[in-house]
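# Secondary and tertiary structure notes
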Amino acid sequence: CDCVKLEDNFNRADSNSLGTNWTELEALVSDLQIASNKLVADDNAGSDEAFAYWNTDLSGSHYSQLTFVSDIAGLIKPQSGPAVRIPTSATRDAFSGYIALCDPEGQTIDLKKYVLQSLSTVGTTLDIVTSVLFSATNVFRINANGTTISVQKNDVTLISVVDTELSGGRPGIVVKEGYTIG
């Protein structure tokens, strides 16, 4: 992907805000927060779905990547991941974008597409990979390069599909159920 690199390692003081580079859209502001120099989704905050996107418009090709560290209870819980092509008009109940939903318990990565759908719905599965092993050192990445959407684990492409429905937008993250992301 010939992409502009924008990076946030969340290595800063604890806060209920991700900072000025991010737009957070979720049911409760405290759902996404910085704790111990990591992004944390607080599963006790009252919402099952939360997302944030980077404030810089990347109308062309872009990607989002993250490393799962652990969750609050010490176990990685399912269905969170990097996302691309999120429009600034997206809301929790009318979300658009592509998400690499990582499920360590089920050992799957599911490439989902949402077009003006609630994040509480299942979205459209574009492809799914099974028998994926997860560890705290894995880096998961979703690329939007022209009409090709691909998902990688540690720089190895696991999924690659062509989809023309969504273009433009911003990279971001979708978190569900108490993740800690480094």
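Residues numbered from 1 in each chain as written. Predicted model: local features only at pLDDT ≥ 70, side-chain atom pairs only at ≥ 80, totals over all residues. Heavy atoms only, no water.

## Remarks on the overall build of the protein
Note the threshold: Only DSSP runs of H or I with at least four residues qualify as helices, and only runs of E with at least two residues qualify as strands; both kinds are numbered from the N terminus onward. Burial status follows relative accessibility: with a 1.4 Å probe on protein chains alone, a residue under 20% of its type maximum counts as buried, one over 50% as exposed, and anything between as partly exposed. Note on contacts: a residue pair is in contact if any heavy atoms of the two residues lie within 4.5 Å. To measure how exposed things are, a 1.4 Å probe is used in the Shrake-Rupley method; for residues, cover is taken only from the protein chains shown.
For the protein, the helix and strand inventory stands at 0 helices and 14 strands. Starting at the N terminus, the α and β elements of the protein follow one another as β-β-β-β-β-β-β-β-β-β-β-β-β-β. Here the protein holds 182 residues, and the buried ones make up 49% of them. Of the contacts formed within the protein by residues at least 6 apart in sequence, a portion of 60% connects residues at least 24 apart. Surface accessibility of the protein: about 8,100 Å² in total, with carbon and sulfur atoms responsible for 46%.

## Details of unusual backbone geometry
In terms of backbone geometry, most residues other than glycine have negative phi values and most peptide bonds are trans. The phi torsion at Ser 131 lies on the positive side, around 60°, for a residue other than glycine. We classify Ser 131 as exposed; its relative accessible area is 60%. Even without glycine at this site, Asp 155 takes up a positive phi of about 70°. With respect to the helices and strands, Asp 155 occurs in the loop between β11 (148-153) and β12 (156-162). Residue classification places Asp 155 among the exposed positions, given a relative accessible area of 66%.

## With respect to the confidence of the model for the protein
Basically, it comes down to this: For every residue, the pLDDT score states the predictor's confidence, bounded by 0 at the bottom and 100 at the top.
Looking at the protein as a whole, the pLDDT averages 80, with 79% of positions reaching at least 70. Here strand β14 (residues 179-181) stands out as the element of the protein with the lowest mean pLDDT, 46, in contrast to β12, whose mean of 97 is the highest. In the predicted structure, residues 71-77 sits below a pLDDT of 50 and forms 22 contacts with residues beyond four places in sequence or in another chain. In this model, residues 178-182 is a region of pLDDT below 50 whose contacts with residues beyond four sequence positions or in other chains number 38 contacts.

## What to know about the nonpolar core
Heads up, the condition is: Buried Ala, Val, Leu, Ile, Met, Phe, Trp, Tyr and Cys residues form a nonpolar core when they are joined through side-chain atoms within 4.5 Å.
One finds Tyr 98, Ile 109, Leu 111, Ile 142, Ile 149 and Val 151 to be the most contacted residues of the largest nonpolar core, which totals 17 residues. Of all elements in the fold, only β7 (95-103), β8 (108-117), β10 (139-145), β11 and β12 reach the threshold of two or more residues within this core. Once residues lying within four places of it in the same chain are set aside, the contact partners of Ile 149 are Arg 85, Tyr 98, Leu 111, Ile 142, Asn 143, Ala 144, Ile 159, Ser 160 and Val 161. If you look at the next biggest cluster of nonpolar residues, it comprises 12 residues, including Leu 18, Trp 22, Ala 52 and Val 175.

## Examining the packing of aromatic side chains
Put simply, the test is: When two rings of Phe, Tyr or Trp (its six-membered ring) have centres within 6.5 Å they constitute a pair, described as stacked for plane angles under 30 degrees, edge-to-face for angles over 60, and tilted for the intermediate range. A ring is scored as having a charge over it whenever the NZ atom of a lysine or the CZ atom of an arginine sits within 6 Å of its centre and within 35 degrees of its normal.
By the definition in use, this model includes 5 aromatic pairs. Each ring, one from Trp 22 and one from Trp 54, has its centre 5.0 Å from the other, and the planes form 85°; the classification is edge-to-face. Here Trp 54 lies in strand β4 (residues 49-54) and Trp 22 lies in strand β1 (residues 22-26), a separation of 32 residues in the sequence. Ring centres 4.8 Å apart and planes at 75° place the aromatic pair Phe 51 and Phe 95 in the edge-to-face group. On the criterion of sequence distance, the pair formed by Phe 51 in strand β4 and Phe 95 in strand β7 is long-range, its members being 44 residues apart. Overall, Phe 51 belongs to the buried group, its relative accessible area being 0%. By relative accessible area, which is 0% here, Phe 95 ends up buried. Through pairs of rings, three or more aromatic residues link up here, namely Phe 10, Trp 22 and Trp 54. Lying over the aromatic face of Tyr 63, Arg 141 brings its terminal NZ or CZ to 3.3 Å of the ring centre.

## Considerations on the pattern of salt bridges
The test is simple: Between Lys or Arg on one side and Asp or Glu on the other, a salt bridge is scored when a side-chain nitrogen of the former is within 4 Å of a carboxyl oxygen of the latter.
Scanning all chains against the criterion turns up 5 salt bridges. Between Arg 92 and Asp 93 there is a salt bridge, with its nearest N and O atoms 4.0 Å apart. In this structure Arg 92 comes out as partly exposed when scored by relative accessible area, which is 25%. Several salt bridges share partner residues, and in doing so they unite Lys 113, Asp 163 and Glu 165 into one network.

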